[in-house]
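Structural overview for review
Each chain is listed here by its residues.
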Amino acid sequence: MHCVNGSWSGSGLTLPNLRHRHYSSAMRPLRYSINVTLDGCCDHRAMIADEDLHRNAVENINRADALLFGRVTYEMMEAAWRPAAQTGVRPDWMVEWGLPFARTIHAAKKYVVSSTLDRVDWNAELVRGDLEKAVHQLKQEPGKELFVGGVKLAQALAELGLIDLYELVVHPRLAGHGPTLFAGLSKHIDLRLVDRVEFTSGAVAMRYELKR
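Report on the accompanying structure. Small disclaimer: the values here were computed from a predicted structure and weren't measured.

How each quantity is defined
- Residues numbered from 1 in each chain as written.
- Predicted model: local features only at pLDDT ≥ 70, side-chain atom pairs only at ≥ 80, totals over all residues.
- Heavy atoms only, no water.
- Helix = DSSP H or I, 4+ residues; strand = E, 2+ residues; numbered from the N terminus.
- Buried < 20%, exposed > 50% of the residue type's maximum accessible area, 1.4 Å probe, protein only.
- Contact = heavy atoms within 4.5 Å.
- Areas by Shrake-Rupley, 256 points an atom, 1.4 Å probe, with all protein chains shown as cover.
- Core = buried A, V, L, I, M, F, W, Y, C linked by side-chain atoms within 4.5 Å.
- Arc of directions from axis to C-beta.
- Salt bridge = Lys/Arg side-chain N within 4 Å of Asp/Glu carboxyl O.
- Pairing = 2+ DSSP bridges.

A count of helical and extended segments in the protein chain gives five helices and nine strands. Going residue by residue from the N terminus, the α and β elements of the protein chain occur as β-β-α-β-α-α-β-β-α-β-α-β-β-β. The proportion of buried residues among the 212 residues of the protein chain is 46%. Excluding contacts between residues fewer than 6 apart, the proportion of contacts in the protein chain whose partners are at least 24 apart in sequence is 72%. Carbon and sulfur atoms make up 51% of the accessible area of the protein chain, which totals about 10,800 Å².

Leu30, Tyr32, Leu68, Val135, Val148, Leu157 and Ile163 are the most contacted members of the largest nonpolar core, which has 23 residues in total. Of all the secondary-structure elements, those providing two or more residues to this core are β2 (30-37), β3 (66-70), α4 (131-140), β6 (146-148) and α5 (152-159). In this structure, Tyr32 is in contact with Val148, Gly149, Gly150, Val151, Ala154, Ile163, Leu165, Tyr166, Glu167, Leu181 and Phe182, ignoring residues within four places of it in sequence. Counting residues in each nonpolar core, the second largest holds 22 residues, with Ile61, Ala84, Ile105 and Leu117 among its members.

Before going further, it helps to examine α4. All buried positions along α4 are accounted for by Leu131, Ala134, Val135, Leu138 and Lys139. Buried residues along α4 cover an arc of 135° about the axis, so they all sit on one side. When the buried face of α4 is taken as reference, the exposed residues oriented beyond 90 degrees from it are Lys133 and Gln140. Buried residues along α4 sit against β2, β3, β4 (110-113), β5 (124-127), β6 and α5.

With that settled, the discussion passes to the pattern of salt bridges. Pairing between side chains of opposite charge can happen when the charged atoms of each approach one another. Considering all chains together, one arrives at 14 salt bridges under this definition. With its nearest N and O atoms 2.8 Å apart, the salt bridge here joins Arg31 to Glu145. With a gap of 114 residues between them, Arg31 in strand β2 and Glu145 in the loop between α4 and β6 connect regions that are remote in the sequence. With relative accessibility at 1%, the residue Arg31 sits in the buried group. The buried category is assigned to Glu145, whose relative accessible area is 1%. Here Lys139 and Asp164 are joined by a salt bridge, their closest N and O atoms 2.8 Å apart. Of this pair, Lys139 sits in helix α4 while Asp164 is found in the loop between α5 and β7 (165-171), placing the two residues 25 residues apart along the sequence. Across the pair, Asp164 and Lys139 agree in class, each one buried. Residues joined by salt bridges that share partners form a network here, namely Arg28, Asp65 and Glu141.

Within β2, seven of the eight residues are buried, leaving the element largely enclosed by the surrounding structure. Note: β2 against β7, seven bridges, orientation parallel. Bridge assignment links Thr37 to a residue of β7, and that residue is His171.

Next up, the structure:
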């Protein structure tokens with residue numbers, strides 16, 4: 001993997017400081033990261049899953065104090081990664097370099113936005129009521145970053161102007177189907193490119209911060 005803007009070299013995944021000076025004196029930023037194909041599909045099954053991609057995801061989670069998920073993403077992540085992290089035994093579909101990601105997401109603090117779940121565990125707390133108020137309160141707590149994944153919750157947070165940092169990992173693949181990101185967004189959201197990192201697979205992480 002290498003950085004095309006000259007900021008990085010080598011195969012390590014030590015990530016650059018994405019202008020934390022804008023946020024350190026106020027509230028911790030909310031970062032959104034998602035994989036997407038060249039034609040806009042964000043179905044995780046359409047992606048090129050490799051070691052670089054999982055290392056990048058581990059770095060994203062390690063920079064955050066907590067993860068913010070909707071119900072669907074929370075249940076999908078729990079079903080996929082929790083058993084391997086608890087037992088140390090890889091299921092048939094998981095390659096060896098998937099275990100560090102499993103252990104990292106297993107240990108992370110999680111908040112789950114849901115009006116249908118009665119309870120959560122897996123180091124998680126339910127978030128109910130007014131989404132804007134709840135997330136704004138989380139951002140005001142001391143710490144480094146919050147991280148959000150998924151599609152529907154991220155769109156709702158983007159509408160509210162609560163996402164500060166966007167990372168789109170664009171894969172060199174045409175899926176020919178959806179779902180797509182931010183379908184039906186009610187307004188334009190302007191972003192500023194802060195970093196561009198190319199992976200060995202040809203996927204490119206485009207990192208933006210919100211223009212204010």
